[in-house]
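The chain contents come next:
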Amino acid sequence: MWKKVKELFSSLGVECNILELDQVDNGASVQEVLSEITHQNTVPNIFVNKVHVGGCDRTFQAHQSGLLQKLFQEDPAYDYDLIVIGGGSGGLACAQEAAILGRKVMVLDFVAPSPQGTSWGLGGTCVNVGCVPKKLMHQAALLGQALTDSRRFGWEFSQQVKHNWGTLTEAVQTHVGSLNWGCRLSLREKAVAYVNAHGEFVEHHKVKATNGKGQKTCYTAAKFVIATGERPRYLGIQGAKEYCITSDDLFSLPYCPGATLVVGASYVALECAGFLAGLGLEVTVMVRSVLLRGFDQEMAERLGSSLERLGVRFLRKFVPVAVLQLQKGSPGKLKVVARSTEGPETVEGVYNTVLLAIGRDSCTKGIGLEKIGVKINEKNGKIPVNDMEQTNVPYVYAVGDVLEGKPQLTPVAMQAGKLLARRLFGGCLEKCDYVNVPTVVFTPLEYGCCGLSEERAAQEYQRENLEVYHTLFWPLEWTVACRDNNACYAKIICNKFDNERVVGFHILGPNAGEITQGFAAAMKCGLTKRLLDDTVGIHPTCAEVFTTLEITKSSGLDIMQKGC
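Note that the structure is a prediction, hence the values are computed from the model and not measured.

(A) Inspection of the pairing of strand β8 (residues 216-226) at higher detail. Within β8, eight of the 11 residues are buried, which leaves the element mostly enclosed by the surrounding structure. Pairing analysis gives five bridges linking strand β3 (residues 80-85) to β8, with the strands arranged parallel. Across the sheet, the residue bridging to leucine 82 is lysine 223, located in β8. Bridge count between strand β7 (residues 206-211) and β8: five bridges; the pairing is antiparallel. Paired with threonine 210 across the strands is lysine 216, a residue of β8. As consecutive antiparallel partners, β7 and β8 are separated by four residues, and within that stretch glycine 214 has a phi angle of approximately 85°, a positive value. The pairing of β8 with strand β18 (residues 396-398) spans three bridges and is parallel. Residue pairing across strands places isoleucine 226 opposite alanine 398, the latter belonging to β18.

Following this line, the structure appears as structure tokens:
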């Protein structure tokens with residue numbers, strides 16, 4: 001096969017070097033290293049200008065698509081083959097994969113402190129102020145509930161049990177710090193240059209990097225990836241930036257937040273409200289319109305009810321108009337004035353902490369995109385890209401939360417970043433699949449979903465073409481603990497005219513994240529209601545409920561649970 005490739009290169013006037021592994025002493029070791037680097041176990045293994053193209057077939061495909069000729073013409077005049085602006089999950093995944101494929105790569109990452117002065121290390125939102133610390137605090141709240149349940153299971157303890165906020169935040173930040181170090185170490189091992197500086201385009205193929213001391217250095221690259229992510233949005237009202245905090249600040253807050261007002265109804269708002277209430281704090285959620293906009297609204301309302309049972313108070317159809325400081329302290333006291341969205345009514349409340357979770361803004365301003373002509377959506381700052389994550393400027397790409405119309409999730413950004421690097425430098429053709437991406441809202445009672453909400457499914461397939469199977473269920477662990485037997489809920493949305501293919505999967509219950517992950521793989525494979533019915537459940541588990549769904553919404557039959 002390699003002779004065909006050699007003939008191709010000769011016809012293009014390109015000189016090539018051939019290493020026949022069976023003719024060298026350490027051939028087996030070289031093949032093992034090549035397999036690890038390229039994920040290819042066959043020969044020939046072809047590289048062009050340090051870029052892994054693939055085997056014989058892929059080399060000819062690259063020739064037909066024009067990619068091969070492009071690789072021959074790569075301009076060596078730049079400082080780097082790739083500069084990634086943004087050191088979050090997507091940016092790091094892309095940078096490291098490009099380095100594995102033999103490219104010279106730089107990562108520019110800089111975190112501007114929040115209005116409250118909070119900043120953090122390498123790794124982006126997920127590692128520092130998102131998924132990781134959130135899940136750990138979620139776990140802290142679940143342990144509190146487990147303590148309560150444990151008495152029903154025979155555990156006896158006489159001493160008063162209380163929660164120490166300082167111990168929790170110290171443990172969380174210690175783990176986050178270890179992840180920061182791990183990110184830096186991983187870049188170092190792959191010879192990726194990391195510069196803790198703010199990147200800004202100054203002209204085509206050239207960025208200016210400004211560090212925390214104001215020192216400026218310019219770098220050039222053949223290609224760029226924008227992976228700058230998002231930051232929390234602030235209300236444009238009196239006292240918002242002076243006295244309020246966001247998720248940027250909460251996970252390292254040096255004092256217990258006390259009575260907390262959470263402004264917003266996003267998943268960030270409800271997750272934070274959930275674990276704060278689970279830690280025993282008084283929590284109020286101020287909601288402008290609906291809970292979890294964009295999610296299935298039946299599930300959102302059921303989730304809201306579960307939070308109310310936990311003691312969270314909802315103040316619906318109100319928005320803050322002013323935040324006033326009544327007393328300094330850690331925490332102090334704040335007065336919040338709010339106005340109804342439906343009339344002239346106003347309300348006032350006093351809280352120790354006000355947490356804003358009203359959405360996030362893309363970090364695409366101030367990085368010089370306008371200087372090189374990269375288009376952004378002026379309304380939301382998002383970057384439109386094609387199905388190859390390429391912007392309107394051919395050498396500039398984008399991944400992660402800055403993308404317009406794509407799921408804003410860490411695993412999505414990582415997958416997109418890795419595949420982008422393989423396409424750019426490895427001769428790969430695979431694109432990121434943004435369909436049927438699973439996600440979970442980590443409230444005390446978790447909500448997991450994959451595919452379409454009922455509202456979206458009705459728009460795509462028409463409601464009369466859908467069948468919705470659903471049920472309430474009572475986890476066995478909850479029976480002895482005497483917890484609510486009608487709080488957990490499961491449903492699937494099926495397309496009646498496509499063999500009842502499951503187009504929407506939803507569960508509200510314990511460990512919903514673990515359950516949803518498995519069913520998401522099944523949905524990728526074309527899961528149908530019949531396949532669920534033919535699957536033997538694992539008993540007793542929450543997940544087995546999906547193998548015994550019988551009642552449809554259209555039947556109107558009762559789904560209330562009256563026993564095991």
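(B) Structural view of unusual backbone geometry. Residue proline 44 is reached from valine 43 by a cis peptide bond, and omega for that bond is 0°. Relative to the helices and strands, proline 44 is located in the loop between α2 (27-38) and β1 (46-48). A cis amide bond links serine 330 with the next residue in sequence, proline 331, at an omega value of 5°. Note that proline 331 resides in the loop between β13 (318-327) and β14 (333-340). Of note, the phi angle at lysine 317 is positive, near 60°, even though the residue is not glycine. Considering the arrangement of structural elements, one finds lysine 317 in the loop between β12 (313-316) and β13. The exposure class of lysine 317 is partly exposed, given its relative accessible area of 29%.

(C) Molecular detail of the UniProt feature "domain: Pyridine nucleotide-disulphide oxidoreductase dimerisation" (unreviewed entry) in the protein. In this numbering, the UniProt entry assigns the feature "domain: Pyridine nucleotide-disulphide oxidoreductase dimerisation" (unreviewed entry) to residues 437-548. Across residues 437-548 one finds 29% helix and 30% strand; the C-alpha atoms that close the span lie 24 Å apart.

(D) Highlighting the UniProt feature "domain: FAD/NAD(P)-binding" (unreviewed entry) in the protein. What UniProt calls "domain: FAD/NAD(P)-binding" (unreviewed entry) maps, in this numbering, to residues 80-417. Annotated as residues 80-417, this span is 32% helix and 26% strand, and its ends, taken at the C-alpha atoms, are 18 Å apart.

(E) Examining the sheet that holds strand β19 (residues 439-441) more closely. The strand order across the open sheet formed by five strands is β19-β20-β23-β22-β21, and the pairing between neighbours is antiparallel. Only two strands of the sheet have a single partner each, and these edge strands are β19 and β21 (466-473). In this sheet, neighbouring strand axes are inclined to one another by 15° on average, regardless of whether the strands run parallel or antiparallel. In this structure, β21 lies alongside strand β22 (residues 488-495), joined through eight bridges in antiparallel fashion.

(F) The environment of alanine 481, seen in detail. By the element assignment, alanine 481 lies in the loop between α16 (476-480) and β22. For alanine 481, a relative accessible area of 9% puts it in the buried group. In the structure, alanine 481 is positioned 329 residues away from arginine 152 in sequence and 5.5 Å away in space, judged by C-alpha atoms. Once you skip the residues sitting within four places of it in the chain, alanine 481 turns out to touch Asp149, Arg152 and Phe153.

(G) Expanded view of the environment of alanine 209. Mapped onto the fold, alanine 209 is located in strand β7. In this structure alanine 209 comes out as buried when scored by relative accessible area, which is 3%. Separated by 186 residues in sequence, alanine 209 and tyrosine 395 have C-alpha atoms that sit 19 Å apart. Once you skip the residues sitting within four places of it in the chain, alanine 209 turns out to touch Leu108, Ala197, His198, Gln215, Lys216, Thr217 and Tyr219.

(H) Quick peek at helix α8 (residues 165-189). Relative to the 36 Å expected for 25 residues at 1.5 Å per residue, α8 spans 36 Å between its end C-alpha atoms, a close match to the ideal helical length. Looking at the packing, one finds that the buried side of α8 touches α5 (89-100), α6 (124-129), α7 (131-150), β5 (193-195), α10 (247-250) and α11 (267-278). Immediately beyond the C-terminal end of α8, within one or two residues, lies alanine 191, with a positive phi of roughly 60°.

(I) Summary view of the pattern of salt bridges. Considering all chains together, one arrives at 26 salt bridges under this definition. A salt bridge links glutamate 271 to lysine 134; the nearest nitrogen and oxygen atoms lie 2.8 Å apart. Highlighted residues: glutamate 271 in helix α11 and lysine 134 in helix α7, separated in sequence by 137 residues. Comparing glutamate 271 with lysine 134, the two get one shared label, buried. Put simply, aspartate 498 and arginine 501 hold a salt bridge, and the shortest N to O gap is 2.6 Å. The class of aspartate 498 is partly exposed, set by a relative accessible area of 29%. Arginine 501 sits in the partly exposed class, given a relative accessible area of 25%.

Cut-offs and rules
- Within each chain, residues carry numbers counting from 1 in the order of the written sequence.
- Confidence filtering applies because this is a predicted model: local features only for residues at pLDDT of at least 70, side-chain atom pairs given and counted only at 80 or more, and all residues used for totals across whole chains, interfaces and linings.
- Note that water and hydrogens are dropped before the side-chain values are worked out from all heavy atoms of the structure.
- Only protein chains enter the accessibility calculation, which uses a 1.4 Å probe; a residue whose area is less than 20% of its type maximum is buried, one above 50% is exposed, and one in between is partly exposed.
- A run of H or I in DSSP becomes a helix once it reaches four residues, and a run of E becomes a strand once it reaches two; helices and strands are each numbered from the N terminus.
- For two strands to be treated as a pair, DSSP must find at least two bridges joining them.
- UniProt positions are given in the numbering used here, feature names are shortened, and annotations may be inferred rather than shown by experiment.
- Geometry is summarised by axes, namely lines fitted to C-alpha atoms with helices restricted to the contacting stretch, and by angles between N-to-C directions that run from 0 to 180 degrees.
- Here, two residues are considered to be in contact whenever any of their heavy atoms come within 4.5 Å of each other.
- Given a helix with a known number of residues, its expected span is that number minus one, times 1.5 Å.
- Note on definitions: salt bridges are taken to be side-chain nitrogens of Lys or Arg within 4 Å of carboxyl oxygens of Asp or Glu.

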